Amino acid sequence: MSMTSAQLIEDLGGVQSEALDELQGLTSEESLEEWRVKFLGRRGRLTTVLRTLGSLPPEDRRAAGQEANRTKTLLEEELGAARRRVREGRFALLAEQEQIDVTRPGRPATVGRYHPLTQIIREMCDAFVSMGFQVIEGPEVEWDHYNFEMLNIPSDHPARDMFNTLWIDHKDAEGRQSMLLRTHTSPMQARTMEKTDPPVRVVVPGKVYRYEATDATHEWHFHQIEGLAVDKGITMAHLKGTLYEFARRVFGPERKVRFRCDYFPFVEPGVDMSIDCFVCEGQGSVNGSPCTVCREAGWIEILGAGMVHPKVLSDVGYDPAIYTGFAFGIGPDRVAMLKYGIEDIRLFYSNDLRFLGQF
Ligand code: DAH
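Model, not experiment: these values are computed from the prediction.

### Focus on the pattern of salt bridges
- This structure, assessed with the given rule, holds 21 salt bridges.
- Taking the shortest distance from any N to any O, the salt bridge between Glu174 and Arg176 comes out at 3.0 Å.
- Given the relative accessible area of 60%, Glu174 is considered exposed.
- Taking relative accessible area as the criterion, Arg176 reaches 49% and is therefore assigned partly exposed.
- Residues joined by salt bridges that share partners form a network here, namely Glu254, Arg255, Asp276 and Glu281.

Okay, structure coming up:
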């Protein structure tokens, strides 16, 4: 059977007026969807009429096609308008029922921030990164081998008493405790050198553990940042220059530093470094009253350091006759306490937003 364009246009008109009539009475989103399927869907009324376009004589198709498109656009626009109407109606109803006051200010969005320790650790690492150090991390569950042996602390060494160790319930073939929670970040010295040929320049931030009773200045877990630089011709002057620059970046360009002898089995010579107190400017008192930050000393000890012990170098296969290096270990918890005047280290680990929100 062949169609004429007049017939087709008439069919379109029929579909259009029927569709618009039905649309009038619809008030829910579900009924609008049913309407769309019925008239505009793939097997809908309009589509069915459009399918017959192909059977028109070619000279009639243009006019009929235009009319068909117009109808389709019109129905789509009307559907859009009806959807908006239904949605607005629903909001109005909601507002009426639940008494939503649309003029009320919204709830403020709370913006998160980094933990104060994360902030200070990043700040410190950035200072070293700008001097060419790489930031790496290491395991918190560690072998006795790396935590002690490779750091020139054999099992009978009295220096083990410096580290109250939390042992993991695990024994080696000889029945000895061999696994622990690392007591410092220093085991990453040997781990790094075993994997890399010199030159080495790394800083290692991370968590460490000690079997200790907690009080305002002691926690059984805290943080350290380890540093290690090994190359040909590294001297104590490099150690001092690097740590001096670090102190000035983190604590201010006027800072002075002081090195004193100290003992750590994995360095020789070993030192500790202090900065002049940034609160009393090294005076020991502020406006006549004793400085509480440096306890009147004028100096604050912030890290241990030294020249890497030849034994530590040779144990990882570096030739100490060719390579030398320096190492250091900083306690960021203590530094943050001093810098921000925090009196109790446990505040860092108690997740109190009133405290954390201040940084
Ligand atoms: N690991 C030491 C501690 O926890 C700190 C330390 C001292 C690290 C001297 C070093 C160093 O790398 O050279 O007490």
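### Overview of the site of the ligand
- The ligand sits among 16 residues. The nearest are His184, Ser186, Arg210, Gln224 and Glu226.
- The separation between a nitrogen atom of the ligand and a polar side-chain atom of His184 is 2.9 Å.
- Between the ligand and the protein, one listed contact pairs an oxygen atom with a backbone N or O atom of Phe328 at 3.2 Å.
- Its free accessible area being 350 Å², the ligand has 92% of it covered by the protein chains.
- Residue assignment for the shell around the ligand shows that the elements contributing at least two residues are β5 (221–232), β10 (299–308) and β11 (323–330).
- Across the shell around the ligand, the residue classes tally to seven nonpolar, seven polar and two charged.

### With respect to the side chain of Thr192
- Tracing the backbone shows Thr192 in helix α7 (residues 187–195).
- A polar contact is formed between the side chain of Thr192 and the backbone oxygen of Met188, at a distance of 2.5 Å.
- Apart from residues no more than four positions distant in its own chain, Thr192 is found in contact with Ile136, Val200 and Val202.

### Some details on the pairing of strand β6 (residues 257–262)
- The pairing of β6 with strand β7 (residues 267–276) spans six bridges and is classified as antiparallel. Bridge pairing links Arg258 to Ser274 in β7.
- If you look at the hairpin formed by β6 and β7, you'll find four residues sitting between the two strands.

### What about the sheet that holds strand β4 (residues 200–209)?
- The strand order across the open sheet built from seven strands is β1-β4-β5-β11-β10-β7-β6, with neighbouring strands paired in mixed fashion. Edge strands, defined here as strands with exactly one partner in the open sheet, are β1 (134–135) and β6.
- Taken together, the five bridges between β10 and β11 define a ladder with antiparallel strand orientation. Across the sheet, residue Ala305 finds its bridge partner in β11, namely Phe328.
- Sheet contacts for α7: β4, β5 and β11; angle to β5, the most-contacted strand, approximately 40°.
- In this fold helix α8 (residues 236–251) packs onto β6, β7, β10 and β11, with an angle of close to 150° to the strand it touches most, β10.

### What about the environment of Trp299?
- Relative to the assigned elements, Trp299 resides in strand β10.
- A relative accessible area of 27% places Trp299 in the partly exposed class.
- Aside from chain neighbours lying at most four places away, what touches Trp299 is Lys256, Val257, Arg258, Ser274, Ile275, Asp276, Cys277 and Cys294.

### Digging into helix α2 (residues 29–40)
- For α2, built from 12 residues, the straight-helix expectation of 16 Å at 1.5 Å per residue is met to within 8% by its first-to-last C-alpha distance of 16 Å.
- Those residues of α2 that fall on the buried side of the exposure criterion are Ser31, Leu32, Trp35, Phe39 and Leu40. Down the axis of α2, the smallest arc covering the buried residues is 130°, so these residues share one side. Exposed residues pointing more than 90 degrees away from the buried face of α2 are listed as Glu30 and Glu34.
- Tucked inside the fold, the buried residues of α2 contact α1 (5–24), α3 (45–51) and α4 (58–98).

Parameters at a glance
- Residues numbered from 1 in each chain as written.
- Predicted model: local features only at pLDDT ≥ 70, side-chain atom pairs only at ≥ 80, totals over all residues.
- Heavy atoms only, no water.
- Salt bridge = Lys/Arg side-chain N within 4 Å of Asp/Glu carboxyl O.
- Buried < 20%, exposed > 50% of the residue type's maximum accessible area, 1.4 Å probe, protein only.
- Near = heavy atom within 4 Å.
- Polar contact = N/O pair within 3.5 Å; in protein donor to acceptor, adjacent residues only side chain to side chain.
- Areas by Shrake-Rupley, 256 points an atom, 1.4 Å probe, with all protein chains shown as cover.
- Helix = DSSP H or I, 4+ residues; strand = E, 2+ residues; numbered from the N terminus.
- Nonpolar A, V, L, I, M, F, W, Y, C, P; charged D, E, K, R; others polar.
- Contact = heavy atoms within 4.5 Å.
- Pairing = 2+ DSSP bridges.
- Axes fitted to C-alpha atoms, helices over the stretch in contact; angles between N-to-C directions.
- Expected span 1.5 Å × (residues − 1).
- Arc of directions from axis to C-beta.

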